[in-house]
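Secondary and tertiary structure notes
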Amino acid sequence: MGKKGVQQENLTTDQLDAIQRYEPKKSVNYTLLHSDNLVSQFTRLSPQELEIKKKLALNPIQSLDSSALIVDLNTYYPIKNQIDFPKRPKWSKEMSKIELETNEQIYFDDWLKSITKTYQNQDLSFFEHNLQVWRQLWRTLEISDILLIVCDIRDPLFHFPPTLYNHIIKQLQKSIVVVFNKIDLVDKDTLLKWKLYFQECFPEIKIIQFSSIPNSQMKGYRSIKRYVESIGVLELLEACADLHVNKPNVNLDWNKIIEEFKIELDERKKIADKTLLKIQAGRAGLSDHKVRHGRRRKQIESMESDSEKDSEPETTEDEKIQKVQDQLESLDIADDAHKYITIGLIGHPNGNIDQSLKLVGKSSLINSIKGKKFVSVSKTPGHTKHFQTIHLTDQLRLCDCPGLVFPSLIPRHLQVISGVYNIAQVQEPYSAIRFVAERCDIPTTLKLTHPDQDEHDFHWSPWTICEAIAFQKGFLSAKSGRPDVHRAANNLLRMIVEGQIVLSLKPPNIYDELSDSSIEMMVESHDSIDDNVGFNQISKKAEKKRRKEKNKLKKLATLS
């Protein structure tokens, strides 16, 4: 009898059963995201649920005041209903591979059953149903000394499960750095208040803010300087250094790493500036005749498309060898964890990147640290499919965990507008659109014309908003010529996720007066932020509106 047969002989009945259900089941009740073997699985709505949601989309939208933008920890994660995520079962190196994997499968199946038994399906958020994806998180948590948790500043609480915080801090006793990304989509006051709120709720964390795209509308500028003028990378390295993580055989000189990064950053800027000058000179030399015939324009566009390539050094033979070594080490990466300080990146599968938008995900954070496009970026959530390590020095490495969705009772439409669910797979987009439309004036922002504007008593609903977008953009069905409402709805959701329509949720302290220490923190926090980042400054009109809403809330509190 072969070795595999001997191993199976020693397994229990439950373990043998688990072998049969080891591969993810293909079922109509799941939506499958990712290609390859690492496939994310999410439950799908029934036809009856879809029909109900579609009818509700015709109901009028009720505009809400700014208090509807306020969320707190209890909004998303009530203490009595916090759903824990699966932890890796106890294991030892003496266990065979098949025994280890079947134990994990049995544990994971029991965990899934307990959740579905405790909570009704319609109350549960979309969350990861594939054990293979959770295994990537387990490996990242095991080998990492510092964990970076990436949070979209438009709704950072949504991206920060308290169960993960408690597990890392209390059980693993490791350090957390929270990365507020997409900071150029919110005003400074909101950014500061979220920082204060997080420090109050999660006192063991460090917080840094990050943006990879400067505020310039010049075509070609973004591709050249996206990873050159990233804001927050230096602060990230300094935050990691302040944690004073020590290992017996690792002598990491953080000061040297930070100084070398500053020098490298200066070099990147020089290369990028030279490339920009070439593009600007080329544009200045365009003549009307050449523009009309498109000859010179093609040369400029070719230069812009190659600008990122020009700004990066060629891959050396040593770098190619290092990349192969990285791939080999990832096969059994925990065995050499003692040789490195490992920084693990964790976050939702939020990879909605567009060259023309000021957005950033985990992959862009890595690219900004490396200074070149080391990891590919994509509009599709969960684009990074596999656990991977990137060596920064001979004793410092990054470990990028594939994005995954934690279980919770957060409404599914919030997950859609937060970008953790592939919009192309969204069955029912209208609940998400209603949530945004109640808090943002979408018809005015997009200059929409109501399909029934000739009627005196017309009203806006999620359906009519999408219908108006379909007419505006020419989304019409080929056969009947009717507006393609579902296509328009998906188009609108992409605008929301990508930041063309900004829904910025606020912490409960948004209207609190700032203390002297908070003001000092704000000054220190923003001294390092270059003016080119393009924060949305709080205008006098916006400030007046904010004070008006604050007084209104105070009156309501007094009456109650």
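Our structure is the block above this text.
Overview of the structure. (Residues numbered from 1 in each chain as written. Predicted model: local features only at pLDDT ≥ 70, side-chain atom pairs only at ≥ 80, totals over all residues. Heavy atoms only, no water.)

Structural notes on the overall build of the protein chain
Across its full length, the protein chain carries 23 helices and eight strands. Put simply, of all contacts in the protein chain between residues at least 6 apart along the chain, 75% involve residues at least 24 apart. When the accessible surface of the protein chain is summed, it comes to about 28700 Å², and 49% of that surface belongs to carbon and sulfur atoms. (Helix = DSSP H or I, 4+ residues; strand = E, 2+ residues; numbered from the N terminus. Contact = heavy atoms within 4.5 Å. Areas by Shrake-Rupley, 256 points an atom, 1.4 Å probe, with all protein chains shown as cover.)

Considering the sheet that holds strand 8 (residues 396–400)
To summarise the sheet geometry, strands pair through backbone hydrogen bonds and adopt either a parallel or an antiparallel arrangement. The six strands are arranged 5-4-3-6-8-7 in an open sheet whose pairing can be described as mixed. Two strands lie at the open edges of the sheet, namely strand 5 (205–210) and strand 7 (388–391), each paired on one side alone. The average angle at which neighbouring strand axes cross in this sheet is 25°, direction not considered. For strand 3 (residues 146–152) and strand 4 (residues 175–181), the ladder comprises seven bridges, and the chain directions are parallel. Note on strand 4: the bridge partner recorded for Cys151 is Phe180. Together, strand 3, strand 4, strand 5 and strand 6 (341–346) form the strand contacts of helix 10 (residues 233–242), whose direction differs from that of strand 5 by roughly 165°. (Pairing = 2+ DSSP bridges. Axes fitted to C-alpha atoms, helices over the stretch in contact; angles between N-to-C directions.)

Side note on the packing of helix 18 (residues 430–437) against helix 21 (residues 485–498)
Viewed as axis vectors pointing N to C, helix 18 and helix 21 meet at an angle of 50°, and their least axial separation amounts to 10 Å. Taken together, the axes of helix 18 and helix 21 are oblique relative to one another. Crossing geometry of helix 18 relative to helix 21 is assigned as left-handed. Where helix 18 abuts helix 21, its residues Tyr430, Ala432, Ile433 and Val436 lie against Val485, His486, Ala489, Leu492, Leu493 and Ile496. In terms of residue class, the contact of helix 18 with helix 21 is built from nine nonpolar, one polar and no charged. (Parallel < 35°, antiparallel > 145°, perpendicular 65-115°, else oblique. Left-handed = near helix turned anticlockwise from the far one by under 90°. Nonpolar A, V, L, I, M, F, W, Y, C, P; charged D, E, K, R; others polar.)

A look at the packing of aromatic side chains
What the rule picks out here adds up to 18 aromatic pairs. Measuring from centroid to centroid gives 5.0 Å for Tyr165 and Phe202, while their planes differ by 65°, and the two rings are edge-to-face. One end of the pair, Tyr165, is in helix 7 (residues 162–171); the other, Phe202, is in the loop between helix 8 (188–201) and strand 5, and 37 residues separate them in sequence. Overall, the relative accessible area of 6% leaves Tyr165 in the buried class. Using a relative accessible area of 2% as the deciding quantity, one classes Phe202 as buried. Every member of this aromatic cluster is reached through a ring pair, and the members are Phe160, Tyr165, Phe180, Trp194, Tyr197, Phe198 and Phe202. (Phe/Tyr/Trp six-rings, centres within 6.5 Å; stacked < 30°, edge-to-face > 60°. Buried < 20%, exposed > 50% of the residue type's maximum accessible area, 1.4 Å probe, protein only.)

Concerning the packing of helix 20 (residues 462–473) against helix 21
Where helix 20 meets helix 21, the closest approach of the two axes is 8 Å, and the angle between their N-to-C directions is 95°. When the interaxial angle is binned, helix 20 and helix 21 end up roughly perpendicular. Touching Trp463, Ile465, Cys466, Glu467, Ile469, Ala470 and Lys473 of helix 20 are Val485, Ala488, Ala489, Asn491 and Leu492, all from helix 21. When its residues are assigned to classes, the contact of helix 20 with helix 21 shows nine nonpolar, one polar and two charged.

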